[in-house]
Amino acid sequence: MPRVAATPITPPDQHLVTAREAIEPLYEKLELQTESLVLAAALEAGWPPDEATKALAALRLQDALSTLGRTS
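Here is what the cut-offs are and how they apply
- Residues numbered from 1 in each chain as written.
- Predicted model: local features only at pLDDT ≥ 70, side-chain atom pairs only at ≥ 80, totals over all residues.
- Heavy atoms only, no water.
- Helix = DSSP H or I, 4+ residues; strand = E, 2+ residues; numbered from the N terminus.
- Rg over C-alpha atoms; globule rule 2.2 N^0.38 Å.
- Buried < 20%, exposed > 50% of the residue type's maximum accessible area, 1.4 Å probe, protein only.
- Areas by Shrake-Rupley, 256 points an atom, 1.4 Å probe, with all protein chains shown as cover.
- Patch = residues over 30% accessible without salt bridge, like charges linked within 9 Å, V, L, I, M, F, W, Y side chains within 5 Å.
- Salt bridge = Lys/Arg side-chain N within 4 Å of Asp/Glu carboxyl O.
- Expected span 1.5 Å × (residues − 1).
- Bend = angle between axes of the 7 residues up to and from the residue.

Glancing now at the overall build of the protein chain. When you go through the protein chain residue by residue, the secondary structure sums to 2 helices and 0 strands. For 72 residues, the compact-globule formula gives about 11 Å, and the C-alpha radius of gyration of the protein chain, at 21 Å, lies well above that figure. Its C-alpha atoms give the protein chain principal-axis dimensions of about 65 × 35 × 15 Å. Here the protein chain holds 72 residues, and the buried ones make up 4% of them. Total accessible area on the protein chain stands at roughly 6900 Å², and carbon and sulfur atoms take up 62% of it.

On the surface, a nonpolar cluster with roughly 280 Å² of combined accessible area is contributed by L61, L65 and L68. Judged by relative accessible area, which is 52%, L61 ranks as exposed.

Note that side chains of opposite charge can pair when their charged atoms are close. Counting across every chain of the model gives 2 salt bridges. We note a salt bridge from E24 to R20, for which the minimum N-O separation is 3.5 Å. Pair noted here: E24 and R20 are both in helix α1 (residues 19-44), with a separation of 4 residues, about one helical turn. Judged by its relative accessible area of 30%, E24 is partly exposed. The class for R20 is exposed, based on a relative accessible area of 61%. Note that R60 and E35 form a salt bridge whose closest N and O atoms lie 3.0 Å from each other. In this pair, R60 sits in helix α2 (residues 49-67) while E35 sits in helix α1, placing the two residues 25 residues apart along the sequence.

So, about the environment of A19. As for its position among the elements, A19 is in helix α1. Here the alpha-carbon distance between A19 and A5, two residues 14 residues apart in the chain, equals 27 Å.

For an α-helix the count is 3.6 residues per turn, leaving residues at separations of three or four pointing the same way. Look at α1: 37 Å from first C-alpha to last across 26 residues, which is about the 38 Å you get at 1.5 Å a residue. Of all bends in α1, the biggest is about 30 degrees, found at P25. Two residues or fewer past α1, G46 is found with a positive phi of approximately 105 degrees.

Dropping the structure here:
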């Protein structure tokens, strides 16, 4: 029976990229897809493009402020 060499596990302090660097591209891709879907739905519902864009920007700002604990 052939033997399989064990794969060494790299400790966190020796990784070549940070966790943020590893997940950031996927996060950005999902963010763009979500924004596209939300804007498409708003336009389909009859919102003017500029109002839909402003509403989405306001939601993003509200979410960012909430994340920072600065909601009013």
